[in-house]
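Spelled out, the chains give:
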Amino acid sequence: MRKIDNDHAAPITSGAASSGASATHTDSSTQRMENALIDIRAVSHTFQTDSGPLQVLDKLDLSIAEGQFTAVVGPSGCGKSTLTRLVAGLLKPDSGEVWLHGELVKGPRASVGMAFQNPVLLEWRSILRNVMLPLEIVPERVPAAEHEERARSLLSLVGLEGFEDKKPSELSGGMRQRASLCRALIHKPDVIILDEPFGALDAFTREDLWQTMHALRATEPFTALLITHDLRESVFLADEVVVLSDRPARAQYTLSVPTSSHERTLDDLYTTEAVEMLAILRQQIQLAQGRTPASHS
Amino acid sequence: MIMRKVLVPIFAIVVFLVFWELLVWVNQWPNYKMASPSDLWPAYVKYDTLFFTYGWQTLWRTVAGLLLAVVLGTALGVLMGVSRTARDALYPLLVGFNAIPKATVVPIMALMFVGQHDLNTILLAFMISFFPIAVSVSIGLSTLEPEYRDILRALGASKLMIFRKIALPKTLPEFFGALKVSVTLAFIGTNLVEIIEPHGRGLGHLFDSAKISSDYPLMFAVLIVLALMGILLYYVVVALERIFAGWAERGAD
């Protein structure tokens with residue numbers, strides 16, 4: 001809906017270019033990515049609420065290539081969670097199409113893994129049996145003999161070795177979230193959808209889990225769609241950060257995060273490049289909120 | 001641990017009995033005003049076979065009513081927990097039904113099922129005790145966080161699968177909480193019939209005959225046995241809860 005004022009957008013783009021990050025404006029005419037694993041095409045969605053219709057998405061376009069980690073940021077209540085439910089096939093869009101692996105998404109499919117802010121572990125099951133839950137629904141995705149072995153190796157990868165037989169209530173919030181990530185990955189999904197999975201954790205635990213995500217990705221390459229409120233998180237984890245406009249949401253701005261030659265560490269968040277990227281994103285969020293961004297030097 | 005779980009409650013009961021005995025003794029109450037614990041023992045010895053026969057009748061009919069309440073209460077609760085329409089339709093009916101004093105239902109039931117004393121009693125125990133179960137199960141199911149459903153739904157799991165793997169086990173703690181309330185309610189139901197509708201069965205009948213023959217210690221003795229049976233059944237439920245929903249219990253202290 002809201003057109004981005006070119007006077008504001010121009011210096012931002014140049015600022016990003018000079019710092020090595022490439023930024024592109026996206027609108028409905030953006031050319032479509034070839035071989036995209038997830039391709040969201042002109043999706044609009046409106047909820048019927050007690051106070052009348054509420055349009056949350058407006059001709060939203062978004063493509064994610066195979067193996068790519070895309071973060072979506074935007075103002076509160078702009079429809080980010082609706083987006084995850086559309087990609088998961090839990091919700092049908094009013095108009096537009098969601099394509100996953102070259103197939104039109106018409107309903108839920110086994111090739112998606114999900115993790116939420118609430119780890120939603122089943123309290124009556126051990127951590128191991130929680131992680132293995134998806135395999136009870138879609139056992140064919142992993143050879144039967146490897147089910148338990150795979151769960152155990154994922155758990156040890158996120159640092160939960162020795163906690164397999166514990167109940168969720170015996171674990172800290174961060175550990176529960178780690179188990180929830182393992183559950184999202186156990187059935188080798190084509191894409192994992194992360195809806196603010198680190199949102200409720202304290203700052204130190206959150207940063208630990210960011211590192212865990214990188215470790216997981218190094219051993220278990222996956223395609224990811226991350227919804228977050230945390231700009232540092234988006235820059236640290238993603239290859240591409242998409243800023244959504246205020247409701248009804250469109251893709252307002254896309255930032256490519258340059259791949260670093262070495263494994264990312266937290267120090268990388270304090271380089272000039274990273275600080276530039278964060279400043280750009282912050283300005284874009286302010287634009288999305290309808291505020292005039294503070295001048296950017 | 002065992003000290004605390006067993007000895008503390010027993011000690012509390014002993015203290016209670018001593019206090020009761022002293023209260024009667026200090027006030028010098030005659031046993032028609034209030035019998036003391038020491039009056040009860042002779043009553044038990046004198047009528048021991050009656051206590052066993054009538055006690056058993058009360059117990060099995062209460063348990064039968066309770067089982068009926070569990071089956072039908074859970075079914076109603078599931079229906080109301082799964083379907084919003086069913087919830088909107090059934091809640092006022094259930095609340096209204098629950099608000100009717102069950103003592104007034106006793107004569108109606110007696111006319112409806114003339115002579116079928118066991119059936120009358122079981123049905124009343126059921127009627128008075130199914131409500132908490134139905135409400136708890138429906139609330140447990142309808143307040144399930146959507147994310148729980150989504151993790152399985154996103155994989156294409158059927159509604160039945162989600163219900164079996166997540167919704168049902170997650171509702172068990174609420175169910176057992178309600179069952180603990182229903183246990184005592186079911187005893188009230190059974191005894192209402194046994195006392196109001198005299199047909200010579202159960203501890204309620206023994207109470208009624210004690211009243212007619214002015215055997216006051218016997219009346220109190222019946223009440224104590226009813227209390228003990230309530231405690232017994234309550235702990236059976238606690239044991240079942242520990243087996244099936246022990247995960248919901250947080251570590252002690």
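This section reports on the structure supplied with the text. Bear in mind that the values here come from a model prediction, so they are computed numbers and not experimental data.

Here's the deal with helix α1 (residues 2-27) of chain B
The first and last C-alpha atoms of α1(B) sit 37 Å apart over 26 residues, in line with the 38 Å expected at 1.5 Å per residue. Taken from the residues just after α1(B), B:Q28 is the one with a positive phi, measuring 55 degrees.

Structural notes on empty space enclosed by the protein
By the definition in use, this model includes two cavities of 30 Å³ or more. Put simply, the largest cavity is a space of about 70 Å³. Lining the largest cavity we find A:V112, A:G113, A:M114, A:P134, A:R183, A:A184, A:H187, B:I151, B:A154 and B:L155. Among the secondary structure elements, those contributing two or more residues to the lining of the largest cavity are β7 (112-116) and α6 (173-185) of chain A. The element contributing the most residues to the lining of the largest cavity is β7(A), with three residues. Residues belonging to the lining of the largest cavity are distributed by class as follows: seven nonpolar, two polar and one charged. Here the second largest cavity defines a volume of roughly 40 Å³. Every residue lining the second largest cavity is listed: A:L86, A:G89, A:L91, A:K92, A:P93, A:V98, A:V105, A:K106 and A:G107. The residue inventory of the lining of the second largest cavity, partitioned by class, reads five nonpolar, two polar and two charged.

Focus on the interface of chain A and chain B
Reports of interface size often rely on the accessible area that becomes lost once the parts have come together. Contact with chain A, which involves 24 residues of that partner, is made by 18 residues of chain B. Interface area, chain A with chain B, both sides summed: about 1,900 Å², of which 70% is carbon and sulfur. When the area that chain A buries against chain B is broken down by residue, the three leading residues are A:L90, A:W124 and A:I137, summing to 32%. Inspection of the region where chain A meets chain B yields two salt bridges. With a closest N to O distance of 2.8 Å, A:E136 and B:K165 form a salt bridge. Between chain A and chain B we count five residue pairs in polar contact (both at pLDDT 80 or more) in total. Of all elements in the fold, only β7 and α4 (133-137) of chain A reach the threshold of two or more residues within the side of chain A that touches chain B. Residue contributions to the side of chain A that touches chain B peak at four residues, all from α4(A). Looking at the side of chain A that touches chain B residue by residue, the class counts come to 15 nonpolar, three polar and six charged.

Thresholds, definitions, all that
Residues numbered from 1 in each chain as written. Chains lettered and ligands numbered in written order. Predicted model: local features only at pLDDT ≥ 70, side-chain atom pairs only at ≥ 80, totals over all residues. Heavy atoms only, no water. Helix = DSSP H or I, 4+ residues; strand = E, 2+ residues; numbered from the N terminus. Expected span 1.5 Å × (residues − 1). 1 Å grid on protein atoms, 1.4 Å probe; cavity = no way out; pocket = protein on both sides within 12 Å on 5 of 7 lines; lining within 4 Å. Points joined across faces, edges and corners; volume = space filled by probe spheres on them. Nonpolar A, V, L, I, M, F, W, Y, C, P; charged D, E, K, R; others polar. Contact = heavy atoms within 4.5 Å. Buried area = accessible area lost by both parts, 1.4 Å probe. Salt bridge = Lys/Arg side-chain N within 4 Å of Asp/Glu carboxyl O. Polar contact = N/O pair within 3.5 Å; in protein donor to acceptor, adjacent residues only side chain to side chain.

Bear in mind that shape data such as this cannot, by itself, settle questions of function.
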